[in-house]
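Below are the chains, spelled out letter by letter.
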Amino acid sequence: ISKMKTQIFTLAALAATSQANEFWGGEIRTREPFQYGKFKTRIQGSGQKGTCASFFTFWNGQSDLPWSVREWEEIDIELVPTKADDFSMNLIYKNQTQDHSYVDNFKAGSDWHEYEIIWKPSYIAWYLDGREVRRSTDASESVRDMDKASLLYMNFWTPTFDKWGRGLDEAQMPFYTKYDYVEAYDWDASTDEFTLRFRDDFDSLDQNIWRVSDEWGFPDNSTKFMETMTYV
């Protein structure tokens, strides 16, 4: 008999809702960045409309600029139960330009699935339960522009825009998103191979790998990320 330990991100309503961020949720990110790599996890989403659970890389090299005008680079896996096909794959680059698609005829709901990102200079690919479901090559500007050293993130939040946010029933909170493990690999340009940097099975919250977000949020999101909402 094996015991599975999971990283859990909770989403709960605040007692007072007069603040700009109405809910509390969890977020962690790696302390050290990656420039290309492979990233794999097993997630149980909440299945709750109006929420978003994520696994993504993010370079925010213009954090000193207002959110609306800054540039960043981001490779996304996001579970958005409001959508009929709820596995969202996105590249955000240049002036917040998006290269976005969903996996057709797939509903993650609250089932466990394995998700994976492969990021090379020549292509970026997404995998679902070991099957490639999208590949974007360097023929696209979105791939060519994705070249900055980025942190690996996971979070659980509530979009305020209708396409992802409608149907939220806060009376049913708390909601949970669970991560069974994370594997992160560096890409070696000389061999075109991946080398494991770490595998975390979340026997504990390893502060040498992860930094836990606390007291912050971002636009189009009614959740504030709080340290207490992230735990094993």
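Structural notes, computed from the coordinates. (Residues numbered from 1 in each chain as written. Predicted model: local features only at pLDDT ≥ 70, side-chain atom pairs only at ≥ 80, totals over all residues. Heavy atoms only, no water.)

This paragraph deals with the overall build of the protein. Check the secondary structure of the protein and you find two helices and 17 strands. The C-alpha radius of gyration of the protein comes to 17 Å, within 12% of the 17 Å expected for a compact globule of 232 residues. Over its C-alpha atoms, taken along the principal directions, the protein stretches across nearly 55 × 50 × 35 Å. For the protein, with 232 residues in total, the buried portion stands at 50%. Surface exposure of the protein reaches about 10700 Å², of which carbon and sulfur atoms provide 43%. (Helix = DSSP H or I, 4+ residues; strand = E, 2+ residues; numbered from the N terminus. Rg over C-alpha atoms; globule rule 2.2 N^0.38 Å. Buried < 20%, exposed > 50% of the residue type's maximum accessible area, 1.4 Å probe, protein only. Areas by Shrake-Rupley, 256 points an atom, 1.4 Å probe, with all protein chains shown as cover.)

It is worth spelling out the environment of Ser222 at this point. Relative to the helices and strands, Ser222 resides in the loop between strand S15 (210–212) and strand S16 (223–225). The spatial distance from the C-alpha of Ser222 to the C-alpha of Phe161 is 10.0 Å, given a sequence separation of 61 residues. A distance of 2.7 Å separates polar atoms of two side chains, one belonging to Ser222 and the other to Thr158. (Polar contact = N/O pair within 3.5 Å; in protein donor to acceptor, adjacent residues only side chain to side chain.)

This brings us to the sheet that holds strand S12 (residues 151–157). One open sheet holds the seven strands; their spatial order is S8-S7-S6-S5-S12-S3-S15, and the pairing between them is antiparallel. Unpaired on one side and paired on the other, strand S8 (97–102) and S15 mark the two borders of the sheet. Neighbour-to-neighbour, the strand axes of the sheet open up by a mean angle of 15°, direction not taken into account. (Pairing = 2+ DSSP bridges. Axes fitted to C-alpha atoms, helices over the stretch in contact; angles between N-to-C directions.)

Attention shifts here to the nonpolar core. In terms of nonpolar packing, the biggest core is built from 42 residues, with Phe87, Tyr115, Met154 and Trp210 touching the most fellow members. Counting residues per element, this core draws most heavily on strand S13 (residues 175–188), at five residues. Once residues within four sequence positions are removed from consideration, Phe87 is found in contact with Ile77, Glu78, Leu79, Ser101, Tyr102, Val103, Phe106, Tyr115, Tyr127, Leu128 and Val133. One finds Val80, Trp164, Phe218 and Phe225 within the second-largest nonpolar core, a separate group that totals six residues. (Core = buried A, V, L, I, M, F, W, Y, C linked by side-chain atoms within 4.5 Å. Contact = heavy atoms within 4.5 Å.)

Below, the discussion takes up the packing of aromatic side chains. Throughout the structure, instances matching the rule amount to 16 aromatic pairs. Judged by centre distance (5.9 Å) and plane angle (70°), the ring pair of Phe58 and Trp72 falls under edge-to-face. Pair noted here: Phe58 is in strand S5 (residues 52–59) and Trp72 is in the loop between S5 and strand S6 (73–79), with a separation of 14 residues, a long-range link. Residue Phe58 shares its accessibility class with Trp72, and that shared class is buried. Relative to Phe225, the ring of Trp216 lies with its centre 5.9 Å away and its plane at 50°, an arrangement referred to as tilted. (Phe/Tyr/Trp six-rings, centres within 6.5 Å; stacked < 30°, edge-to-face > 60°.)

The omega angle of the peptide bond from Met173 to Pro174 is 15°, so this bond is cis rather than trans. Here Pro174 is to be found in the loop between helix H2 (162–165) and S13. Positive phi values are uncommon outside glycine, yet Tyr36 reaches one of about 75°. Inspection of the secondary structure assignment puts Tyr36 in the loop between strand S3 (27–30) and strand S4 (37–44). By relative accessible area, Tyr36 is classed as buried at 13%. Here the phi dihedral of Asp220 falls at roughly 65°; this positive angle occurs in a residue that is not glycine. Mapped onto the elements, Asp220 comes out in the loop between S15 and S16.

What follows concerns the pattern of salt bridges. Between side chains of opposite charge, pairing is possible as soon as their charged atoms come close. Following the criterion strictly, the structure yields 13 salt bridges and no others. Across the pair Asp145 and Lys94 runs a salt bridge, and its minimum N-O distance is 3.9 Å. In this pair, Asp145 is assigned in the loop between helix H1 (141–144) and S12 and Lys94 in the loop between strand S7 (87–93) and S8, connecting sequence segments 51 residues apart. Ionic pairing is found between Lys224 and Glu215, a salt bridge with its closest N-O pair at 3.5 Å. On the accessibility criterion, Lys224 (15% relative accessible area) is buried. The network of salt bridges with shared partners includes Glu73, Asp147 and Lys148. (Salt bridge = Lys/Arg side-chain N within 4 Å of Asp/Glu carboxyl O.)

Within the secondary structure, Ser46 is located in the loop between S4 and S5. Residue class for Ser46 comes out buried when judged on its relative accessible area of 14%. Within the structure, the side chain of Ser46 is placed 3.1 Å from the backbone nitrogen of Gln48, a separation counted as a polar contact. A polar atom in the side chain of Ser46 sits 3.2 Å from the side chain of Thr51. With near-sequence residues (within four places) excluded, Ser46 lies in contact with Thr51, Gly109, Ser110, Phe156, Phe175, Tyr176 and Thr177.

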